[in-house]
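Here's the letter readout for the chains.
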Amino acid sequence: MLETREGGCHCGRVRFRAEVDLDLLSHCNCSICTKKGIVHLGCAVSQFQLLRGKTALTSYTFGTGVAQHTFCSHCGMHAFYIPRANPHRLSVNARCLDGIDGASLNPKGFFDGKHWEEAQQRRIAETGQAPPPGAHGAKTLQAILDRAPE
Ligand SMILES: [Zn+2]
């Protein structure tokens, strides 16, 4: 069930509000998700608002450069990011939602990011949802930043 939640980084410079469905938690075994320990919650850009932190956010990219691994340049927390598998959407880190008991999170979804190409093909086949042509995380991130207050 979609609900409105707020969250942010650890120091509070980055804050967001998002419509998320906590029944759709997922995790991923790719190189960066493993190190981050992120619990993913997919979210449409139209259902996400960056409340503050435009200047605090930094983006780390690697490999294809499609994903934008945004994080707070002060405290280092990855509160949300733009995933390569869905570069026209974003993924909120459920661990960064206000009032969340991190230890009780039990993601049912799984993306085999360690074998990314196969996992993406399987995901598209199962959901029928492929990213639109030309989608790129950098464009999505810019759209989020453009709508955010200074
Ligand atoms: Zn911070």
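Reading guide: rules and limits
Residues numbered from 1 in each chain as written. Predicted model: local features only at pLDDT ≥ 70, side-chain atom pairs only at ≥ 80, totals over all residues. Helix = DSSP H or I, 4+ residues; strand = E, 2+ residues; numbered from the N terminus. Rg over C-alpha atoms; globule rule 2.2 N^0.38 Å. Buried ≥ 20, exposed ≤ 12 C-beta atoms within 10 Å, placed from the backbone. Contact = placed C-beta atoms within 7 Å. Core = buried A, V, L, I, M, F, W, Y, C linked by C-beta atoms within 7 Å. Pairing = 2+ DSSP bridges. Axes fitted to C-alpha atoms, helices over the stretch in contact; angles between N-to-C directions. Arc of directions from axis to C-beta. Expected span 1.5 Å × (residues − 1).

### What about the overall build of the protein?
- The secondary structure content of the protein amounts to three helices and ten strands.
- Scanning the protein from its N terminus toward the C terminus, one meets helices and strands in the order β-β-β-α-β-β-β-β-β-β-β-α-α.
- In terms of overall dimensions, the protein is globule-like: its C-alpha atoms have a radius of gyration of 14 Å, near the 15 Å expected for 150 residues.
- In terms of overall dimensions, the protein has C-alpha extents of about 40 × 35 × 30 Å along its principal axes.
- Each of the 150 residues in the protein was classed as buried or not, and the buried ones make up 33%.
- Nonlocal contacts in the protein, meaning residues at least 24 apart in sequence, comprise 61% of its contacts between residues at least 6 apart.

### Digging into the nonpolar core
- Counting 31 residues, the largest nonpolar core has Cys43, Leu90 and Val92 as its most contacted members.
- Within the residue set of this core, elements represented by two or more residues are strand 2 (15-21), strand 4 (40-43), strand 5 (48-52), strand 7 (69-72), strand 8 (80-81), strand 9 (90-93) and helix 3 (137-147).
- By residue number, the principal contributor to this core is strand 2, which donates three residues.
- In this structure, Cys43 is in contact with Ala18, Glu19, Val20, Phe48, Arg89, Leu90, Ser91 and Val92, ignoring residues within four places of it in sequence.

### What to know about the sheet that holds strand 5
- With antiparallel pairing, three strands are arranged side by side in an open sheet as 1-2-5. In this open sheet, the two edge strands, each paired with only one partner strand, are strand 1 (2-8) and strand 5. Averaged over neighbouring strand pairs, the angle between their axes works out to 25 degrees when direction is ignored.
- Note: strand 2 against strand 5, four bridges, orientation antiparallel. Within strand 5, the residue paired with Ala18 across the bridge is Phe48.

### Looking at helix 3
- Those residues of helix 3 that sit buried are Gly137, Thr140, Leu141 and Ile144. Take helix 3 and look down its axis: the buried residues cluster within an arc of 100 degrees, on one side only. Set apart from the buried face of helix 3 by more than 90 degrees, the exposed residues are Gln142 and Asp146.

### Considering the pairing of strand 1
- In this sheet, strand 2 lies alongside strand 1 in antiparallel orientation, the contact comprising seven bridges. Within strand 2, the residue paired with Glu3 across the bridge is Val20.
- The turn joining strand 1 and strand 2, which pair antiparallel and follow one another in sequence, is formed by six residues; a positive phi near 95 degrees is taken by Gly12.

### Section: helix 2 (residues 116-127)
- For helix 2, built from twelve residues, the straight-helix expectation of 16 Å at 1.5 Å per residue is met to within 8% by its first-to-last C-alpha distance of 16 Å.
- Among the twelve residues of helix 2, zero are classified as buried, and the element is accordingly described as predominantly exposed.
- The positive-phi residue at the C-terminal boundary of helix 2 is Gly128, with phi of around 70 degrees.

### Comments concerning the environment of Gly37
- Its place among the elements puts Gly37 in the loop between helix 1 (31-36) and strand 4.
- Looking at Gly37, the number of C-beta atoms within 10 Å reads 11, which means it is exposed.
- Separated by 81 residues in sequence, Gly37 and Glu118 have C-alpha atoms that sit 22 Å apart.

### Thoughts on the environment of Gly42
- By secondary structure assignment, the location of Gly42 is in strand 4.
- If near-sequence neighbours (up to four positions away) are discounted, Gly42 is found in contact with Leu24, Asn86, Arg89 and Ser91.

Geometric descriptors of this kind do not, in isolation, establish any biological role.
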